[in-house]
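Descriptive structure summary
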Amino acid sequence: MQLRSFEAVVRLGGVGRAARALHLAQPTVSTQIKELAIALELVLLEPQGRKLVPTAIGERLALAVRSMGAVWQGFEEDVAALQGLRRGRLRIAAVTTTEYFLPDLLGPFARQYPGIDIELAVENRDAVVARLERGDDELAAMMLPPTHLPLARWPFLDNPLVIIAPVGHALTKRRRLKLSELTGEPLLVREAGSGTRAAAEQAFAAQSINWPPRMALGSNEAIKHAVRAGLGLAVLSRHTLSHNPADDGLAVLPVTGFPLRRQWHLVWRQDRALSLPARTLLDDLRARLQVKARPRA
């Protein structure tokens, strides 16, 4: 457990974040890190601003722990294969907006294979990319997969991006709007590293639109609250809104070029073999989503 706590502190940059990720009390993680350093008689971490970063020897230990984790995961996969998916573990990373629909997609698989422990890490896009780089997870759900990694990708769901305003805003009375007509309004965006923000910025640049953000917020729910309060407009995935946005005090603006047509992808490293649980989940989702997409007779 000491090694697992140490690797989490290195990966997440702090004891508090590691404690939350491991579902442990912060003093417990701090004690484990201190005991590990004492046992090894090494300085493993050092402060850098508000973060803890590994020393040179600490970085080597973190790499060794990850290697051991990969070996253990391989053993678990072999056991799962022998037991026919009665036991096993599946690690999935997902960008934050997928929390509105991904649990519903994973539910049938989890019920069918109760012995498979699913570890779902929900982060912004930059953090998910970092997890893919390290090989922390087998599968990742995201809108904008990185191009610098050897990834296989499967587009599994549409992701329309819309521009929202508070109900009663003057712009909601218009039947059609140009994007250039919105730039006088305050723009609310997700934090740097968000895929939704990156997609919106790409769309603005394609139309040579200069619409600098007034405020950045760390979650979709915070953005919706801020828009409802009249603090500005925002670009969000339609998945983050209820069936009738007006019920939440929000309105989708009829802007030319919107919704932006994007897709959600499941991606995985092509240079690493997928485990039996991961392959089975992909087969299960393909079968269910293909049936769902078929038109009714």
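Residues numbered from 1 in each chain as written. Predicted model: local features only at pLDDT ≥ 70, side-chain atom pairs only at ≥ 80, totals over all residues. Heavy atoms only, no water.

**Here's the deal with the overall build of the chain**
Of regular secondary structure, the chain possesses 9 helices and 11 strands. C-alpha extents for the chain along the principal axes are approximately 65 × 55 × 35 Å. Burial analysis of the chain (297 residues in total) assigns 47% to the buried set. Counting only contacts in the chain whose residues sit at least 6 apart along the sequence, the fraction spanning at least 24 positions is 74%. Carbon and sulfur atoms provide 53% of the accessible area of the chain, an area that totals close to 15,800 Å². Computed over 39 positive and 29 negative side-chain charges, the inter-centroid distance for the chain is 6 Å. (Helix = DSSP H or I, 4+ residues; strand = E, 2+ residues; numbered from the N terminus. Buried < 20%, exposed > 50% of the residue type's maximum accessible area, 1.4 Å probe, protein only. Contact = heavy atoms within 4.5 Å. Areas by Shrake-Rupley, 256 points an atom, 1.4 Å probe, with all protein chains shown as cover. Lys, Arg positive; Asp, Glu negative; His and termini not counted. Charge placed at Lys NZ, Arg CZ, Asp CG, Glu CD.)

**Re the pattern of salt bridges**
This model, assessed by the stated rule, comprises 14 salt bridges. As a salt-bridge pair, E7 and R66 come within 3.0 Å of each other at their nearest N and O atoms. In this pair, E7 is assigned in helix 1 (residues 2-12) and R66 in helix 4 (residues 56-83), connecting sequence segments 59 residues apart. For E7, a relative accessible area of 10% corresponds to the buried category. What you see here is one network of salt bridges that share partners, running through E7, R11, R66, R134 and D136. (Salt bridge = Lys/Arg side-chain N within 4 Å of Asp/Glu carboxyl O.)

**Some remarks on a nonpolar patch on the surface**
A cluster of nonpolar side chains, namely L40, L42 and I57, defines an oily patch on the protein surface of about 220 Å² accessible area. Along the chain, L42 falls in the loop between helix 3 (26-40) and strand 1 (45-48). (Patch = residues over 30% accessible without salt bridge, like charges linked within 9 Å, V, L, I, M, F, W, Y side chains within 5 Å.)

**Considerations on unusual backbone geometry**
Residue P259 is bonded to the preceding F258 through a cis peptide linkage, with omega at 5°. Its location among the elements puts P259 in the loop between strand 10 (250-252) and strand 11 (260-269). In this structure, H23 takes a positive phi of about 60° despite not being glycine. The topology assignment puts H23 in the loop between helix 2 (15-22) and helix 3. With phi around 55°, S208 is a residue other than glycine that occupies positive phi space. The topology assignment puts S208 in the loop between helix 7 (195-206) and strand 8 (215-217). By relative accessible area, S208 is classed as exposed at 67%.

**Observations regarding the pairing of strand 7 (residues 187-190)**
Of the two faces of strand 7, the one lined by L187 and V189 and the one lined by L188 and R190 are each fully buried. Here strand 7 runs beside strand 9 (residues 233-237); their pairing, made up of 2 bridges, is parallel. By the bridge assignment for strand 9, L188 is matched with A234. Across 3 bridges, the pairing between strand 7 and strand 8 is parallel. (Pairing = 2+ DSSP bridges.)

**Thoughts on the packing of helix 2 against helix 3**
It is at 8 Å that the axes of helix 2 and helix 3 come closest, and there the two elements cross at 110°. In terms of their interaxial angle, helix 2 and helix 3 are classed as roughly perpendicular. The two elements helix 2 and helix 3 meet at a crossing, and its hand is right-handed. Across the interface between the two elements, V15, G16, A18 and A19 from helix 2 touch Q26, V29 and S30 from helix 3. The residue makeup of the contact of helix 2 with helix 3, split by class, is 4 nonpolar, 3 polar and no charged. (Axes fitted to C-alpha atoms, helices over the stretch in contact; angles between N-to-C directions. Parallel < 35°, antiparallel > 145°, perpendicular 65-115°, else oblique. Left-handed = near helix turned anticlockwise from the far one by under 90°. Nonpolar A, V, L, I, M, F, W, Y, C, P; charged D, E, K, R; others polar.)

**So, the confidence of the model for the chain**
Close reading of the predicted structure is inappropriate where its pLDDT is low. Summarising the model, the chain shows a mean pLDDT of 89, and 94% of its residues fall at 70 or more. Segment residues 293-297 is flagged for pLDDT under 50; beyond a separation of four residues in sequence, or across chains, it makes 0 contacts in the model. (pLDDT = per-residue confidence, 0-100.)

**Focus on the environment of I116**
Tracing the sequence through the fold places I116 in strand 4 (residues 116-123). Here the alpha-carbon distance between I116 and R89, two residues 27 residues apart in the chain, equals 5.2 Å.

**Considering the packing of aromatic side chains**
As enumerated under the stated definition, the model contains 5 aromatic pairs in all. Ring geometry for W154 versus F156: centroids 5.8 Å apart, planes at 35°, classification tilted. Residues W154 and F156 agree in their burial class; the two are buried. Both rings, one in F204 and one in W211, keep their centres 5.4 Å apart while their planes meet at 45°; by these two values the pair is tilted. Judged by its relative accessible area of 6%, F204 falls in the buried class. An aromatic cluster of three or more residues is present, and its members are F101, W154, F156 and W264. (Phe/Tyr/Trp six-rings, centres within 6.5 Å; stacked < 30°, edge-to-face > 60°.)

**Observations concerning the side chain of D136**
Its location among the elements puts D136 in the loop between helix 6 (125-134) and strand 5 (139-142). Overall, D136 belongs to the buried group, its relative accessible area being 12%. At 2.7 Å, the side chain of D136 forms a polar contact with the side chain of R134. Leave out the neighbours within four places in its chain, and D136 touches R11, R91 and R131. (Polar contact = N/O pair within 3.5 Å; in protein donor to acceptor, adjacent residues only side chain to side chain.)

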